[in-house]
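# Structural characterization, general
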Amino acid sequence: MKTHAMRDRILSAFLAILSLAWVYPVVMILLNSLKKETAITTGTAFEIPTAETFGGLENYMNAIQSQGFPAAFWNTLVITLTSVVLILICCSMCAWFITRVKTWYSKALYYLFVFSMVVPFQMVMFTLSQTADSLGLNKPSNIAIIYLGFGAGLAVFMFCGFVKSIPLEIEEAAMIDGCNPIQTYFRIVFPIFKPTMISVAILEAMWVWNDYLLPTLVLDIKKYRTIPMLIQYFRGSYGRVEMGPMMACIMLTVLPIIILYLACQKYIIEGVVAGAVKG
């Protein structure tokens, strides 16, 4: 027992130290976002702000007031919310159908979703951009359809695992009481989906919110920008980068999703464990 306890302590200490490698970049961005521009570019980027280098919230004000930050924030919020809602509704219904309908094509559909998770985005990105332009999917209001296609693999996989843990008798009792399949889903199955719904929503929201490549390829960048796209525009003449506002913009980008993750992280484990069943 003492050997196991010692091993657990050593492993915990090692993982705690290793976690600093992921926390360190965020801390450095936060510290530099509070410094004056000259302090960042003159070799003090890795130092804690002092009375001489501390710039307060000036960088944050510059980041918000320049480069169209409010519009970019709104576009990112619209894209994230619409994409996540569409993924949750469509993928949960699809997973319920795949799991309950025991046919060869439902199994083929399930494996097709699983296969989509291992297909690199780079293989389809050029064809995707052309297809999006031809179908008019180059606006923040309808780019969620594209995110549905790329996010469906993971969502369907997790929802299918959870549906297998739901007793079939509950749905049969609802149908005996007169519910049709749509009513059974929204009145019985949908509320039971809550743990996996929250898990999938958090994972998909983190992906969509921080995504840079897909909006850059699909959206009309002359009219629409997301926050990850906006960061690269903090450049002055002759390629000079406005490091202070850029660091502040990065913090404004990652802060909402960090708060969301910290507030709901326990639901991620619950949702994954709830779907870890044999079927």
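Small disclaimer: the values here were computed from a predicted structure and weren't measured.

### Quick word on the overall build of the protein chain
Along the backbone of the protein chain there are 13 helices and 0 strands. When the helices and strands of the protein chain are listed from N to C terminus, the series reads α-α-α-α-α-α-α-α-α-α-α-α-α. Referenced to the eigenvectors of the C-alpha coordinate spread, the extents of the protein chain come out at roughly 75 × 65 × 35 Å. Here the protein chain, with 279 residues, has 37% of them falling under the buried criterion. Within the protein chain, counting contacts between residues at least 6 apart in sequence, those at least 24 apart form 73% of the total. For the protein chain, the accessible area works out to roughly 16400 Å², and carbon and sulfur atoms hold 70% of it. Side-chain charges in the protein chain split into 19 positive and 15 negative, and the spacing between the mean points of these groups amounts to 4 Å.

### Observations regarding helix α7 (residues 144-163)
For α7, spanning 20 residues, the distance from its first C-alpha to its last is only 25 Å, which falls clearly below the expected 28 Å at 1.5 Å a residue. Along α7, the largest kink reaches about 50 degrees and is centred on Gly 151. Most of α7 sits inside the fold, with 15 of its 20 residues counted as buried.

### Here we look at the nonpolar core
Membership of the largest hydrophobic core comes to 42 residues, with the highest contact counts inside it found for Leu 88, Cys 91, Ile 98, Val 156, Phe 159, Phe 193 and Cys 249. Of all elements in the fold, only α3 (58-65), α4 (69-100), α5 (104-116), α7, α9 (181-192), α10 (194-210), α12 (227-230) and α13 (243-274) reach the threshold of two or more residues within this core. Looking at this core element by element, the count peaks at 10 residues for α4. Apart from residues lying up to four places away in sequence, Val 156 is in contact with Cys 91, Cys 94, Ala 95, Ile 98 and Phe 113.

### Let's talk about the packing of α4 against α7
Packing of α4 against α7 leaves a shortest axis separation of 7 Å and a crossing angle of 45 degrees. Between α4 and α7, the angle falls in the class oblique. The interaxial crossing formed by α4 with α7 has right-handed handedness. For the contact of α4 with α7, the residue count by class is 20 nonpolar, 5 polar and 1 charged.

### What about the packing of aromatic side chains?
Each aromatic ring pair is characterised by the separation of its centres together with the angle its planes make. According to the stated counting rule, one finds 13 aromatic pairs in the structure shown. For the ring pair Phe 162 and Phe 193, a centre distance of 5.7 Å and an interplane angle of 40 degrees mean the geometry is tilted. On the criterion of sequence distance, the pair formed by Phe 162 in helix α7 and Phe 193 in the loop between α9 and α10 is long-range, its members being 31 residues apart. Residue Phe 193 is classed as buried on the basis of its relative accessible area of 0%. Through pairs of rings, three or more aromatic residues link up here, namely Trp 96, Phe 159, Phe 162, Tyr 185, Phe 186, Phe 190 and Phe 193.

### Overview of the side chain of Thr 226
With respect to the helices and strands, Thr 226 occurs in the loop between α11 (213-218) and α12. Setting aside anything within four residues of it in sequence, one finds Thr 226 in contact with Ala 72, Thr 76, Ile 79, Asp 211, Pro 215 and Leu 219.

### Describing the pattern of salt bridges
Applying the stated criterion across every chain yields a total of 1 salt bridge. Ionic pairing is found between Arg 100 and Glu 171, a salt bridge with its closest N-O pair at 2.8 Å. One end of the pair, Arg 100, is in helix α4; the other, Glu 171, is in helix α8 (residues 168-176), with 71 residues separating them in the sequence. Overall, Arg 100 belongs to the partly exposed group, its relative accessible area being 24%. The exposure class of Glu 171 is buried, given its relative accessible area of 3%.

### A few points about the confidence of the model for the protein chain
Considering every residue of the protein chain, the mean pLDDT works out to 82; 92% of them sit at 70 or more. The least confident element of the protein chain is helix α2 (residues 37-41), whose mean pLDDT is 73; the most confident is α4, at 91.

### Notes on a nonpolar patch on the surface
Judged by side-chain polarity, Leu 112, Phe 115, Met 117, Val 118, Val 119, Met 123, Val 124, Phe 150, Leu 154 and Phe 157 come together as a nonpolar surface patch covering roughly 910 Å² of accessible area. Those elements giving two or more residues to the nonpolar patch turn out to be α5 and α7. At 3 residues, α7 tops the list of elements feeding residues into the nonpolar patch. Residue position: Phe 150 is located in helix α7.

### Considering α5
In this model α5 runs 18 Å from its N-terminal to its C-terminal C-alpha over 13 residues, within 8% of the 18 Å that 1.5 Å per residue would give. Looking only at α5, the buried set comprises Ser 106, Tyr 110 and Phe 113. Projected down its long axis, α5 shows its buried positions confined to an angular sector of 60 degrees, all on one face. The exposed set on the far side of α5, more than 90 degrees from its buried face, consists of Trp 104, Lys 107, Tyr 111, Leu 112 and Phe 115. As for α5, its buried residues are in contact with α4 and α7.

Quick notes on the rules
- Residues numbered from 1 in each chain as written.
- Predicted model: local features only at pLDDT ≥ 70, side-chain atom pairs only at ≥ 80, totals over all residues.
- Heavy atoms only, no water.
- Helix = DSSP H or I, 4+ residues; strand = E, 2+ residues; numbered from the N terminus.
- Buried < 20%, exposed > 50% of the residue type's maximum accessible area, 1.4 Å probe, protein only.
- Contact = heavy atoms within 4.5 Å.
- Areas by Shrake-Rupley, 256 points an atom, 1.4 Å probe, with all protein chains shown as cover.
- Lys, Arg positive; Asp, Glu negative; His and termini not counted.
- Charge placed at Lys NZ, Arg CZ, Asp CG, Glu CD.
- Expected span 1.5 Å × (residues − 1).
- Bend = angle between axes of the 7 residues up to and from the residue.
- Core = buried A, V, L, I, M, F, W, Y, C linked by side-chain atoms within 4.5 Å.
- Axes fitted to C-alpha atoms, helices over the stretch in contact; angles between N-to-C directions.
- Parallel < 35°, antiparallel > 145°, perpendicular 65-115°, else oblique.
- Left-handed = near helix turned anticlockwise from the far one by under 90°.
- Nonpolar A, V, L, I, M, F, W, Y, C, P; charged D, E, K, R; others polar.
- Phe/Tyr/Trp six-rings, centres within 6.5 Å; stacked < 30°, edge-to-face > 60°.
- Salt bridge = Lys/Arg side-chain N within 4 Å of Asp/Glu carboxyl O.
- pLDDT = per-residue confidence, 0-100.
- Patch = residues over 30% accessible without salt bridge, like charges linked within 9 Å, V, L, I, M, F, W, Y side chains within 5 Å.
- Arc of directions from axis to C-beta.

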